[in-house]
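# Structural features, examined
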Amino acid sequence: MVPLSWYLIFAAALFSIGLFGVLSRRNAIAILLGVELMLNSVNINLAAFWRYGNVMDMTGQVFAIIVFAVAAAEVAVGLALVISVYRRRNTVVADEIDMMKW
Amino acid sequence: MMIHEETARLLTWLIPLPPVLAFALIVLFTNRSKWLSHTIGVGAAILSFIGSMLVTVFYAFRVEHFGEHPIESAINWLPTGNTWFRIGVLIDPLGAAVLFFVSITIFMIFLYSVGYQNYGQPAGDHDRAGLPPHGATIEEHGHKHVVPSVEPMYSRFFAFLGLFAFGMYVLVVSDNLLTMFVGWEIMGLCSYLLIGFWYGKPSARNAAVKAFMTTRIGDVFMLLGIAFLYSATGTLTFREIFTEETLHVLASTPAAFGMTASGLIALLLFIGTVGKSAQWPLHVWLPDAMEGPTPVSAMIHAATMVSAGVYAVIRMFPLLTADFTGHGLTTTMSIVAFIGAFTALFAATIAVAQNDIKRVLAYSTISQLGYMIAALGIGAYVAAAFHLITHAFFKALLFLGSGSVIHGMEHGVLHTGNHNVDPQDMFNMGGLRKKMPVTFWTFLIGGFALSGFPLITAGFWSKDEILADAFGHGHWAVFVTLAAAAFLTAFYTMRQITLTFLGEPRTKEAEHAQETPWTMTTPLVVLSVFAIAYGWVGIPEHFPVLGGLVPNWFHDFVGHTLAEVPDAPEFSWIPLLTSLVVALGGLALGWLVYRNVKSVSDDRLQIPLLKNKYYFDEAYDFLFVKPAYWFAETFVYKWMDKGLIDGILHIFGPTTGGIGSAIRNYFDLPVINRFFGDGSADVTYWFGGKLRAIQTGRVQQYLMLALVTFIVIGVALYFFVLA
Amino acid sequence: MDFIATHLLSMILFFPALAAVVMLFLPKDENKLYRWFAFGASLVPFALSLYAWFNFRTVQTGFQFEESYPWYEAIGSSLHLGVDGLSLTMVLLTTLLTPLAILASFSITDRVKPYMMLFLFLETGMLGVFMALDLLIFFVFWEIGLVPMYFLINQWGSANRNYASLKFMIYTMGGSLGLLLAVQMLGVLFGTYDLLALYDRWNALEAGTVLLGMSVHTVKTIAFWAFVIAFAVKVPLWPFHTWLPDAHTEAPTAGSMILAGVLLKLGAYGFLRLILPLYPLEAKIFAGALAFLAVAAIVFGAFGSYAQTDFKRLVAYSSVNHMGFVVLGIAAAAFAVGTEDARIALNGAILQMFNHGLSAAGMFFLVGVIYERTHTRNLEEFGGLFPLVPVYGGILIFTSMASLGLPGLNGFISEFLVVRGSFGVGVNSVPVMAIYTAVAMLGLLFTGAYILKGIKKVLHGPLNEHWAHGEHKLTEINTREVIVMVPLMALILWIGLYPAWILDVINKAVVMLF
């Protein structure tokens with residue numbers, strides 16, 4: 001059986017890729033995609049810990065499902081926002097959407 | 001005929017009331033009607049007179065053992081803790097004798113005032129309230145001439161007289177010191193009001209204040225004495241104080257200044273008399289009091305107020321002599337004797353140099369009162385009382401007579417219209433005996449009585465008794481002083497009679513003087529009867545020839561006021577001869593010196609020192625009045641109240657303001673406002689300004705920052721917490 | 001009738017305040033209505049206090065007409081009212097003087113409504129002090145009285161009124177600071193402010209007890225002086241008296257009447273009601289100091305009065321002089337509580353309070369009468385007015401003589417009793433009192449001097465041409481003004497001739513209390 005650390009390393013890598021995407025991409029949609037990656041890496045962790053912990057305990061799985069729901073909702077709201085911004089400002093570049101400064 | 005004891009008691013209560021009711025009625029209702037006012041006033045005087053006569057002549061003088069069973073009655077008046085202070089009436093032999101002369105003189109003075117204030121004359125041309133009447137112009141038989149005008153405040157005068165009479169009656173019938181003091185002070189008020197009756201004259205208003213204040217000096221001491229006596233004995237009723245037991249306690253209790261309690265109390269009470277009876281050194285008010293209308297002078301000087309002073313001492317005689325053993329005078333008695341004798345001589349010397357007819361009499365009054373006081377000081381109780389009464393008669397007569405003279409002279413002044421002539425200056429008179437015969441003869445009787453003209457006048461008997469007493473008990477200094485005073489008295493009296501009535505008129509005004517109306521002359525005649533006849537009730541038993549013809553009723557009667565009847569002085573030729581010599585010598589000298597004097601410049605006795613009354617007024621002004629002003633205005637008001645106390649208070653305001661503004665300027669504004677208030681805002685602002693650079697609005701930068709922070713905190717936690 | 005009998009005091013107390021509130025709802029600009037309404041309203045408490053006076057049983061000991069309502073239960077204070085002979089006399093004086101003062105102010109035309117309302121409130125404030133049997137209530141009413149008076153001086157006074165009203169207010173408030181603290185201390189110590197309870201418990205404290213970290217004696221001494229200063233300012237005792245001439249002089253006529261007639265009595269009443277019963281020992285220890293200050297007030301008050309050229313100030317200073325006798329009597333009594341002398345002195349002191357209320361109110365009113373007509377109070381501008389205003393002159397002389405203490409009028413009785421009492425204490429127990437009394441007589445002498453100065457400068461002298469003709473013509477005192485004076489004069493004479501009717505009530509209270 002594959003040891004737990006492999007899952008964890010994988011999840012960490014996936015999280016880092018997502019984080020990098022969030023920090024470095026200019027397109028707002030790509031940032032949202034990065035966020036999805038980070039959420040999924042969390043799900044991997046949850047599933048892995050469940051499998052290596054007390055199997056009879058359903059907490060890990062339940063949590064992962066909640067995260068799915070949250071991620072879906074988040075993407076829906078995020079995309080709606082992006083579209084709304086795009087309609088007004090005609091851009092989806094994150095750096096240009098800086099109305100909130102100072 | 002004799003009245004019942006109960007009736008006498010009731011009458012005694014009622015005697016003082018008519019005059020005060022008259023006062024109230026006149027003030028409240030009849031002020032506008034001169035006729036009603038004087039009717040009420042004189043009517044009241046008559047009622048009191050009748051009451052007094054019933055009580056004295058028809059009861060007190062006739063009842064047996066009156067001294068032991070006087071008229072007494074009292075009611076509760078003031079609650080004092082668990083007991084009551086009682087007031088009431090008391091007529092004992094002394095009171096009866098005094099009441100007798102008081103009621104007569106008061107009645108006479110009321111009657112006299114009607115004429116003196118020109119009742120029935122027309123209203124004056126320019127008269128106004130507050131000034132003496134100046135005369136009215138009338139047309140008669142086709143030509144104008146000026147006649148005396150009626151006093152504008154005629155009704156008010158009778159009201160004041162009524163109140164005055166009330167005060168005197170209260171004083172006489174009181175059975176205790178407190179109500180006696182009430183009467184005493186009411187008279188003080190009235191004398192103030194009456195002296196200042198013509199308040200429009202500045203001299204009158206000053207004289208009124210002077211009289212009130214000077215007597216008040218005495219009064220406060222007297223009040224202190226009353227308080228002392230009351231505190232020490234718990235009562236002020238005469239007959240309770242004058243029990244042997246109480247007197248003994250008082251006489252054996254030591255008080256301050258080496259005196260016994262009785263001595264000190266008597267001295268304090270005596271100071272009241274010094275003020276009231278115008279004894280040296282408080283004599284200064286009396287001559288000035290001549291500013292009042294003449295009936296007032298008579299009232300004040302003869303009948304009532306000044307007599308009241310002596311009466312008080314006579315009343316308090318048992319207290320005065322409580323610690324007197326009969327050998328050597330006590331301190332208090334010596335003081336009394338000294339002041340009396342000194343005043344008698346001192347005032348007589350001033351009288352010699354006065355030109356105002358009333359002022360001479362004023363000083364003679366002071367001098368005669370000194371006589372009585374001296375008599376009391378040496379323990380001559382009956383003699384003092386006797387002289388008090390005879391003096392009251394003849395001095396009232398003299399004052400009323402001088403008023404009549406002035407009135408006659410004023411007539412002359414109105415006739416000539418020369419208002420520069422002073423109708424009171426004796427050097428403007430002369431020869432009035434022909435113009436005013438009734439006044440002359442009565443004045444002569446009064447003057448002779450005052451001088452002590454031998455045998456026929458009352459003054460001789462009373463004065464002689466005092467001299468005999470002084471001689472008999474070996475008080476040589478007093479004897480000599482009084483004899484000298486008696487000589488001067490005879491001298492200035494004759495000077496006055498000579499200048500006024502004898503010789504020829506020295507001015508036109510004197511030529512046109514007129515005899516006064518019957519309302520004024522009747523009192524003169526009545527009083528002159530008493531000025532002669534009253535002496536006969538007190539002729540000493542052992543007097544050559546006359547002694548024993550009439551019993552010495554006065555001594556017997558008044559002497560019984562005291563628990564132990566004092567012995568009459570033994571007869572001796574020396575005092576008798578002395579009084580004969582001084583009286584006749586003084587009279588003769590006065591006539592010899594002044595019969596040819598034509599004007600003031602001929603009078604060699606116009607010595608400035610005497611004329612200016614030894615400069616007492618000036619000295620008092622310098623010593624007391626001015627410093628009192630200074631003390632009040634400058635020290636108390638300006639320095640202490642305005643300067644010191646208000647100064648301190650005014651420091652509080654600025655100090656509080658200073659502290660307040662200091663707190664504001666040095667703490668609130670810089671520390672609280674600048675440092676904490678503004679300071680915290682500034683710091684926040686500054687930081688905000690610096691930090692706003694990181695607020696770019698770019699989400700990715702925020703995330704980056706968050707990540708970096710996370711890592712830094714993570715690393716830090718790792719090192720510091722876990723490691 | 002039963003209701004009246006059981007609620008008599010509270011009705012007397014609150015009726016004026018109630019009437020003042022009702023006045024708020026009266027129609028606008030009806031000066032005549034305001035005047036008569038206020039006058040009528042002030043007559044009601046007078047009638048009620050007469051009822052109280054005649055139903056007061058002198059033989060009964062203790063307080064009568066007592067009422068008690070819960071007020072501030074948490075701290076043990078209740079609205080406890082009651083009167084004895086001492087306070088009843090003062091209540092009668094207050095309810096008598098207020099209608100007269102209101103009648104005297106009928107000539108006020110400026111803002112009549114608030115003026116009359118303030119007067120009615122003032123009456124409640126003063127009555128409250130006299131009736132209170134609860135320390136806190138006492139203090140509350142004590143301060144309430146200040147406020148209307150402040151506004152009366154400040155709004156209706158003459159030229160220098162701002163200074164005077166501020167001085168009056170600050171001085172009195174400053175004086176009562178210590179009183180408030182001392183009252184609080186008593187309340188905290190015993191959990192009650194009820195006077196009757198405090199009388200017992202405060203005096204029952206044993207000497208060794210430690211209070212607030214100090215010995216009982218120290219605490220009591222401090223509290224004693226706190227009380228004394230508060231009351232001394234009000235009396236006013238020398239040297240706390242300088243507010244008085246200013247306040248009296250600047251206040252409107254009726255204000256001065258009440259100020260002199262009643263407000264000063266509050267201080268003396270405080271001495272009698274609180275200091276003597278609460279601090280008998282301390283009072284005895286410090287009686288010498290009190291007597292000294294009293295004598296200073298008598299003497300310096302007389303001299304101060306003599307120095308004045310302003311008629312109203314002259315009368316104002318006379319209050320210092322007269323109230324000095326009250327305190328002298330109290331000091332004498334403090335020396336020898338329980339003796340006959342002390343009782344006589346206290347009888348005198350209390351009667352003097354009443355008498356001074358009558359004569360000072362009368363004097364201030366008379367000054368006001370002439371001020372209203374001439375608009376000056378300068379004595380130098382008067383003189384020779386007697387021929388112009390003979391009736392006024394007669395009344396002025398009468399009232400002045402009462403103030404001077406002429407026998408036969410009321411002032412003499414009380415002054416004599418005080419002198420007799422304090423001299424008696426001097427003779428029988430504390431010699432120094434005899435000296436104080438003797439010095440006080442000097443003040444009595446100068447009482448004469450300033451009174452005569454007043455009469456001389458106003459009435460006597462050659463006819464005053466300035467006020468005799470034309471537009472300045474001085475008019476005689478009118479009927480309304482005479483009506484104000486008549487009750488005062490009648491009482492002055494009545495007490496002077498037969499003092500027993502009032503002195504009997506006072507005497508019973510004094511015998512019971514001291």
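Just so you know, these numbers come straight off a predicted model, no measurement behind them.

### Some remarks on the overall build of chain A
Counting its regular elements, chain A contains 3 helices and 0 strands. From first element to last, N terminus to C terminus, chain A shows the α and β order α-α-α. Scaling as 2.2 N^0.38, a compact globule of 102 residues should have a C-alpha radius of gyration of about 13 Å, whereas chain A reaches 17 Å, well beyond that. In terms of principal-axis extent, the alpha carbons of chain A reach across some 50 × 25 × 25 Å. Counted over contacts in chain A with a minimum sequence separation of 6, partners at least 24 positions apart contribute 62%. Working note: accessible area of chain A is about 6900 Å², and carbon and sulfur atoms make up 72% of it. Computed over 7 positive and 6 negative side-chain charges, the separation of the two mean positions in chain A equals 7 Å.

### Points about the overall build of chain B
Helices and strands together make up the secondary structure of chain B, namely 28 helices and 4 strands. Taken against the 2.2 N^0.38 rule, which gives 27 Å for 723 residues, the C-alpha radius of gyration of chain B at 39 Å runs more than 25% over that of a compact globule. Considering only C-alpha atoms, chain B reaches an extent of 155 × 75 × 50 Å along its principal axes. Looking at the 723 residues of chain B, the share that counts as buried comes to 58%. A separation threshold of at least 6 residues defines the contact pool for chain B, and within that pool the share at least 24 residues apart is 78%. Accessible surface for chain B amounts to roughly 28600 Å². Of this, 67% is attributable to carbon and sulfur atoms.

### A look at the interface of chain B and chain A
Facing 11 residues of chain B, the contacting portion of chain A comprises 13 residues. Note on chain B versus chain A: buried area summed over both sides is about 980 Å², and carbon and sulfur give 58% of it. On the chain B side of the interface with chain A, the three residues burying the most area are Gln695, Arg698 and Gln700 of chain B, jointly 50% of the side's total. Linking chain B with chain A are 0 salt bridges, by the criterion used here. Between chain B and chain A we count 3 residue pairs in polar contact (both at pLDDT 80 or more) in total. Of the residues belonging to the side of chain B that touches chain A, the class tally is 5 nonpolar, 4 polar and 2 charged.

### Regarding the interface of chain B and chain C
Counting residues at the interface gives 53 residues for chain B, matched by 65 residues for chain C. Buried surface at the junction of chain B and chain C, summed over both partners, amounts to about 5200 Å²; 72% is from carbon and sulfur atoms. Counting the surface chain B buries against chain C, the share from its top three residues, Trp77, Tyr199 and Arg205 of chain B, is 11%. For the interface between chain B and chain C, the tally reads 1 salt bridge. Its salt-bridge partner being Asp646 of chain B, residue Lys167 of chain C comes within 2.9 Å of it at the nearest N-O pair. Of all the elements, helix α7 (residues 202–233) of chain B adds the most residues to the side of chain B that touches chain C, at 16 residues.

### Quick look at the domain arrangement of chain B
When cut into domains, chain B gives domain 1 (5–116 + 153–611) and domain 2 (621–722). In this structure, domain 1 of chain B and domain 2 of chain B have C-alpha centres spaced 83 Å apart.

### Overview of the environment of Leu171 of chain B
Residue and element names in this part refer to chain B. With respect to the secondary-structure elements, Leu171 resides in helix α5 (residues 154–173). We classify Leu171 as buried; its relative accessible area is 0%. Distance from Leu171 to Met305, taken between C-alpha atoms, is 9.8 Å for residues 134 residues apart in sequence. Excluding residues that lie within four positions of it along the chain, Leu171 makes contacts with Met180, Gly183, Trp184, Met187, Ala308 and Tyr311.

### Digging into the pattern of salt bridges
All names here are of chain B. Within this structure, the stated rule accounts for 23 salt bridges over all chains. With a shortest N-O distance of 2.7 Å, Arg315 and Asp92 are connected by a salt bridge. Note that Arg315 is positioned in helix α13 (residues 305–315) and Asp92 in the loop between β2 (83–91) and α4 (93–116), a separation of 223 residues in sequence. Since its relative accessible area comes to 4%, Arg315 is described here as buried. One salt bridge connects Lys626 with Asp621, and the closest N-O pair in it is separated by 2.9 Å.

### Remarks on the packing of helix α27 (residues 616–691) of chain B against helix α8 (residues 161–190) of chain C
Put simply, α27 of chain B and α8 of chain C touch, their axes get as near as 12 Å, and they point 80° apart. Between α27 of chain B and α8 of chain C, the crossing angle belongs to the class labelled roughly perpendicular. Along its contact with α27 of chain B, which presents Asp646, Leu649 and His650 of chain B, the element α8 of chain C presents Tyr163, Lys167 and Tyr171 of chain C.

### Brief notes about the arrangement of the chains
The highest contact count of any of the 2 pairs of chains in contact belongs to chains B and C. Contact between chain A and chain C is absent, and the minimum C-alpha spacing across the pair is 56 Å.

### Thoughts on the environment of Gly272 of chain B
Residues and elements named next belong to chain B. Along the chain, Gly272 falls in helix α10 (residues 261–276). Expressed as a C-alpha distance, the spacing of Gly272 and Phe221, which sit 51 residues apart in the sequence, is 6.1 Å. Apart from the residues lying within four places of it in its own chain, the contact partners of Gly272 are Trp184, Gly218, Asp219 and Met222.

### Observations concerning the nonpolar core
Across soluble globular proteins, nonpolar side chains show a tendency to be buried alongside one another. Leu177, Tyr192 and Leu319 of chain B together with Phe227, Phe311 and Met401 of chain C are the most contacted members of the largest nonpolar core, which totals 457 residues. For Tyr192 of chain B, the residues in contact, after removing those within four places along its chain, are Ala208, Val209 and Phe212 of chain B together with Met401, Leu452, Ile455 and His460 of chain C. Leu19, Leu23, Ile31 and Met38 of chain A belong to the second-largest nonpolar core, a separate cluster that totals 6 residues.

Rules behind the numbers
- Residues numbered from 1 in each chain as written.
- Chains lettered and ligands numbered in written order.
- Predicted model: local features only at pLDDT ≥ 70, side-chain atom pairs only at ≥ 80, totals over all residues.
- Heavy atoms only, no water.
- Helix = DSSP H or I, 4+ residues; strand = E, 2+ residues; numbered from the N terminus.
- Rg over C-alpha atoms; globule rule 2.2 N^0.38 Å.
- Contact = heavy atoms within 4.5 Å.
- Areas by Shrake-Rupley, 256 points an atom, 1.4 Å probe, with all protein chains shown as cover.
- Lys, Arg positive; Asp, Glu negative; His and termini not counted.
- Charge placed at Lys NZ, Arg CZ, Asp CG, Glu CD.
- Buried < 20%, exposed > 50% of the residue type's maximum accessible area, 1.4 Å probe, protein only.
- Buried area = accessible area lost by both parts, 1.4 Å probe.
- Salt bridge = Lys/Arg side-chain N within 4 Å of Asp/Glu carboxyl O.
- Polar contact = N/O pair within 3.5 Å; in protein donor to acceptor, adjacent residues only side chain to side chain.
- Nonpolar A, V, L, I, M, F, W, Y, C, P; charged D, E, K, R; others polar.
- Domains from an automatic or database assignment.
- Axes fitted to C-alpha atoms, helices over the stretch in contact; angles between N-to-C directions.
- Parallel < 35°, antiparallel > 145°, perpendicular 65-115°, else oblique.
- Core = buried A, V, L, I, M, F, W, Y, C linked by side-chain atoms within 4.5 Å.

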